[in-house]
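Examining the three-dimensional arrangement
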Amino acid sequence: MSDRKFSVIGTDQVRKEAPDKARGEAIYADDIRLPRMLHGRIKRSDYAHARIISIDTSAAEALPGVKAVVVGSEAPQKYGIVPQAPTETAMAIDKVRYHGEPVAAVAATDPDIAEKALDLIEVEYEPLPVYVNTHDAIAEGAVALHEDNKYGNIAYQARQEFGEVDKAFEESHLVIEKTYKTSYVNHVFMEPHSAVARFDDNGDLRMWSSTQVPHYLHTMLSKVMDMPMAKIHVTVPNVGGGFGGKGEASNNELIAALLSRKARRPVKVIYSRREVFLQHRGRHPIEMKVKMGVDKEGYITAIDYDGLMDGGAYGAWGIIILFYTAAMLHLPYKVKNVRFFGRRIYTNKPTCGPMRGLGGVQPRFALESMMDELAIKLGMSPYELKLKNAIDKKHVTVSGVHVRHSEYKKCLEEVVSESGYLDKHGKLPFGKGVGLAGGYYISGTAYTLYMSYKPHSTALIRLDSESGVTLQCGATDIGQGSNMVLAMMCAEKLGLPYESIHVISGDTKNAPFDLGSFASRVTVAAGSAVCEAADKLIEQILPIAGVALGCRADQLAVGNGEIYSIYEKEIRMPFWDAVEKYIAAHGPLSATGSYTPPRRTGDFKGGNVGHSPTYGFTAHVAEVDVDTETGEVKVVNYNEAGDCGQPINPLSVEGQVEGSIVMAMGQALYEEIKMTPDGRLMNPNLHDYKVPTMRDIPNIKTLAVESYDEDSPFGAKEAGEGPIQPTIPAILNAIYDAIGVRFTEMPVTPEKVLAALAAKGQE
Amino acid sequence: MKKIITLNINGDDYDLAIKPTDFLVDIVRDTVGLTGTKKGCNIGDCGACTVLVDGRPILSCLTLAMSVVGKKIKTIEGVADGPELDPVQQAFIDKGAIQCGFCTPGMILSTTALLERNPAPTEEEIKHGLAGNICRCTGYVKIIDAVKHAAVLKTKEGTDVR
Amino acid sequence: MHLEPFEYEKPNSLVELEALLSKHADEARLLAGGTDLLVLVKEKILSPKMIIDIGDVAALQGITADPAKGLTILAGTKVSTIEHSAEVKEFAPALSFAAAQLGSSQVRHMATMAGNVCHGSPSAETSPVLLAHGAVLTIAKAGGERELPISDFWLAYRKTALAPGEYLKAFTLPALPKNAAVEYAFKGLRGAMEIDMVNVGVYLELEEDLETVKEVRIGMGAVGPIPYRAVKAEAELKGMKVDDAFFAKAGELAAAEATPIDDVRATADYRKKLMSVLTRRAFSAAFARIKGE
């Protein structure tokens, strides 16, 4: 990248909000207190599947200090992130579909009183059969969770086929078919959902909430509250992590609004950790039957995938995720023949939804495990097989997905060389092993979740001699650092220091429209909007500077807080002098930018899903030690090489990658929500739902491969969701290398390792 | 039921009316208004509510407010001495150890307590000392870097004073 | 959070503590660190009428080592104090190690070993080591004290030998004879903040020949409703020659005496296997320690 000289991009800038966070002065939703604010608490069902016969709230209403009680029938409008198929209401109305589903809520002057009032609400239920696994839910004669659903408990199903799959299998040199199962896991962001709602005397609703998607929350509030969007204002304070789990409206947000309207007072509703597990929206457990063939040289001939997704009680992001699992079969390898069949099933469990790297993690686990197995059966290094099949710099899949820029091969090459994979694979003593896996992810989507042709991101930059640079953009910083990324881009464009950019974001009124923080979309989409706005500002200022300097505007550039001639060093003026001259002559100086992704589609069901402006790639090598007597697996070393385009802030990219790896390691080895047969959660807490602690992490080394996507803002691509894709198969492939056992289910607990070793010994 | 007690928080005395069933985390956050102490699980599994009592890191969600009368309580708001950030805070900022920031107050207080006992911890000792603070954003790598850096900054600071 | 009200008392001396205990024997719970008790209260499993906080009773704080009597740890001593105590490191290194594995740094700074033991959790970290050490408990009440071997302390799941009005005052770990060592081994799913799937403490004492077992104790955790000793195994192992076969045999016998159940953390079958491996490894480590390896 020798010809690209940046002053801000590519440097390790410090996040502006970091000092506030370090001092404990950063405000999160639960830190907000308003005058006359009440505390809301939620009454939750004692059954996983039951008809509600009656709800009696009279005793709760009579309790001193209780100011409002609401029940489901007061807000019958169904909502959902996919508005064509809404399935949820703010609280259950006629029936409950999972244990712990909200059925009523109370607002009181004190949280203790609200909790006490919950005990006074009498709900009568008529129990129905409970389905905690997909097979029971779709068995003959099963009671439908949603009576209006056309296909019983099959929420959605879809088929896609490209090429000649059967023929390709017939002609294959080697074919493997296996069933893989993934586990029921939660995001475990550290901040439980928190929301504060307030109605004013104009009937306007203000909401502060820990959401990733103020815009989608805005739409869903409008629907559930039956109010015009213009009368609702959503503001996102600091958010303590989301990872997808705060990627649609949650019950507490809707309930806070309902209680606030009824009580005519501000209401705060926060979740306990147990309630976070009930709201859930974690990763779908999928039972995947996968078939893959290769020819003699190890080139993939065909993939056939049949996935049964456990969706839990409601629709949520389900249909989107279903189609993402389909899209994920096509990359990052060249595959000519692909068949997909997927079903998403309703079960009596907290609802699954979007979780970091949605749709990709499960098929990636199956496919990367399979390729490892195929390579070894062919007597070939898994690296060689993966490199042979890896896509080139540009690629179009058989499903019509265009990849405009990929350095995936470089990722494989560099991670293998950094980790010493080739010297270790197949060569370490029994109990030690290395595993390789690759992956990719979208950098934003081509479509909104509802039919719309508006830009996905907009930005407004104001230059003002009094208040400096104000960058307004509705993108939402949930801790991933998007405010910093956008400010760095703005600073680079305007030739000003990063510190001088003031960002207003995550707000539906004070910042212009943005879809939200999901699908790793912000850097490319909002970044493009910011760049466009900044370019327009430069276009407006340079002619003014040109007049002042007596120089052609097209020979001027910005940098170091100055406007200067690119030919004559002595022709220069301070940037802010030009701004002042502009304002004196023309009035306020501001510009907007927007971004609409290229729209591509396939002429098949789900053909809109999987298209992205650009894609990030990554390859991982895990090294494990297996205690063959206790079955304990320790990940000791971990290497990653990623193609995220030009890293805007390398330190932040590393943070995203390291966090992804450790999160996925938790899913591979420890994490799993367990349930009783009657649908209760056995471990809705952080002592029995085990996320990795500092003592569990391997020695992690990440590197960004040289990469620049010419069509992206400053060459950047995603780095927050691709890196979670290969971790599970990398670890499981390493376990195979260590002990010769191939795990097709997770988490790989010591107990399962020991059982597998024993079974292997008996063979 | 309620009693008037005095809690010394960050060097200041607060006279508070509290019940035996009140937990320190709620008193600090809701009554005193120091919301930097975070509540991530409320039953001692995440470390977000860590505060120092007489220099020892404790879980304020499992501490009765009445039990810390007469002790010196330090919350995240009391770590920086005036306008200057504490070296631990500065290290967390500079090393990219802060993402969403929700675990940060607890991490910083655990680090403060660790470095007090052990000014030059090894990586293993850092992991041992901070394993009770869960972070889901960073994968801990940058936090470990920050603790190591803080140890260096603190040692330098000590040298300067002498 | 809404809790049933309780009264809170904080005695300053043993006299005050004993007076409170005799007056409120049935409804009071002692609060040492709170990391067990207050979780149970918050989860509404326990709702005591009174909580007696022993945090200010200075007479319950401290560790003393006496070459003849052994190591005495008073009940109010924090686990972190035990973890870092030079005396404990010298006289009972396995206890120091077990203490360091308990919960997290915060939990260790709050919790006491007495709380760990009195809550009677079958998987408590320090219990197997105390069993292995043959620790003796001093149990006190207004007007009297008694001593009880720790192996008689737990009666049933979360039930102890403490009578109403009594409290645990001190632990005494008899001085180790020469040619003896204690080791602790445990396994949780992750590296910290764990409730162990299995833990075990072993005591090995050799004859002068340094190869014949003179005395042996095995304290097992998380494999039954209480922590307990594998007495049959102990009897069988006594007098054996120490070699690899002995280590293996010790593991097998301990596992045979383990009576675990399936729960959210592990299955019974796995726990038995783990008990075998951990016991074997612990004995092997104890042997190495005696030999100064």
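Computed from a predicted model, the values in this text were never measured in an experiment.

What counts, and where the lines are drawn
- Throughout this document, residue positions are counted from 1 along each chain, in the order its sequence is written.
- As they are written, the chains are lettered A onward and the ligands numbered 1 onward, keeping that order.
- Owing to the predicted nature of the model, reporting of local features is limited to residues with pLDDT of at least 70; listing and counting of side-chain atom pairs is limited to 80 or more, with chain, interface and lining totals taken over all residues.
- Two residues qualify as a contact pair if the distance between their C-beta atoms, derived from the backbone, is within 7 Å.
- Secondary structure elements are defined from DSSP: runs of H or I of at least 4 residues count as helices, runs of E of at least 2 residues count as strands, and each element is numbered from the N terminus.
- Only strands that DSSP links by at least two bridges are regarded as paired with each other.
- Only C-alpha atoms enter the line fits that serve as axes; for helices the fit covers just the stretch in contact. Angles between N-to-C directions range over 0 to 180 degrees.
- Our exposure labels follow a C-beta count within 10 Å of each residue's own C-beta, placed from the backbone: buried means 20 or more other C-beta atoms, exposed means 12 or fewer, and partly exposed covers the counts in between.
- The source of the domain bounds is an automatic or database domain assignment.
- Any residue outside Ala, Val, Leu, Ile, Met, Phe, Trp, Tyr, Cys, Pro, Asp, Glu, Lys and Arg is labelled polar, Gly included; the first ten of those are nonpolar and the last four are charged.

Every contact between the two is made by 40 residues of chain B and, on the other side, 43 residues of chain A. When residues of the side of chain B that touches chain A are traced back to their parent elements, those giving at least two are helix H2 (87-94), helix H3 (104-117), helix H4 (123-130) and helix H5 (141-161) of chain B. If you tally residues by element for the side of chain B that touches chain A, the top one is H2 of chain B, at four residues.

Another aspect to go through is the sheet that holds strand E7 (residues 154-162) of chain A. Residues and elements named next belong to chain A. With mixed pairing, five strands are arranged side by side in an open sheet as E7-E15-E14-E13-E8. Two strands lie at the open edges of the sheet, namely E7 and strand E8 (174-181), each paired on one side alone. If you compare each strand with its neighbour and ignore which way they point, the axes differ by 5° on average. Pairing between E8 and strand E13 (residues 286-294): eight bridges, direction antiparallel. Within the sheet, the bridge partner assigned to Val175 lies in E13 and is Gly293. Of the strands in this sheet, E8, E13 and strand E14 (300-312) are in contact with helix H10 (residues 361-378), which crosses E13 at around 35°.

It is worth spelling out unusual backbone geometry at this point. Across residues other than glycine, the phi torsion is negative in most instances, and most of the peptide bonds are trans. Residues and elements named next belong to chain A. The omega torsion across Leu331 and Pro332 is 0°, close enough to zero to call that bond cis. Here Pro332 is to be found in the loop between helix H9 (318-327) and strand E15 (338-346). With an omega of 0°, the peptide bond between Met746 and Pro747 qualifies as cis. Its location among the elements puts Pro747 in the loop between helix H18 (727-739) and helix H19 (750-762).

Moving on, we get to the pairing of strand E26 (residues 615-626) of chain A. Residues and elements named next belong to chain A. Counting buried positions over the twelve residues of E26 gives eleven, a clear majority of the element. As judged from the eleven bridges shared by strand E18 (residues 432-442) and E26, these two strands associate in the antiparallel manner. Bridge pairing in E26 places Gly439 opposite Thr618. Strand direction decides the pairing type here: E26 and strand E27 (residues 633-643), joined by ten bridges, are antiparallel. Paired with Val624 across the strands is Val635, a residue of E27. Between E26 and the antiparallel strand that follows it, E27, lie six residues; Gly631 among them carries a positive phi value of about 85°.

Residues and elements named next belong to chain C. Here chain C is described as being made up of domain 1 (7-52), domain 2 (63-173) and domain 3 (180-290). On a C-alpha basis, the centres of domain 2 and domain 3 stand 19 Å from each other. Listed by partner, the interface residues are 24 residues for domain 2 and 23 residues for domain 3. Where the side of domain 2 that touches domain 3 is concerned, the elements lending two or more residues are helix H5 (93-101), helix H8 (126-133) and strand E8 (154-156). The element best represented in the side of domain 2 that touches domain 3 is H8, accounting for seven residues. Counted by class, the side of domain 2 that touches domain 3 contains 14 nonpolar, nine polar and one charged residues.

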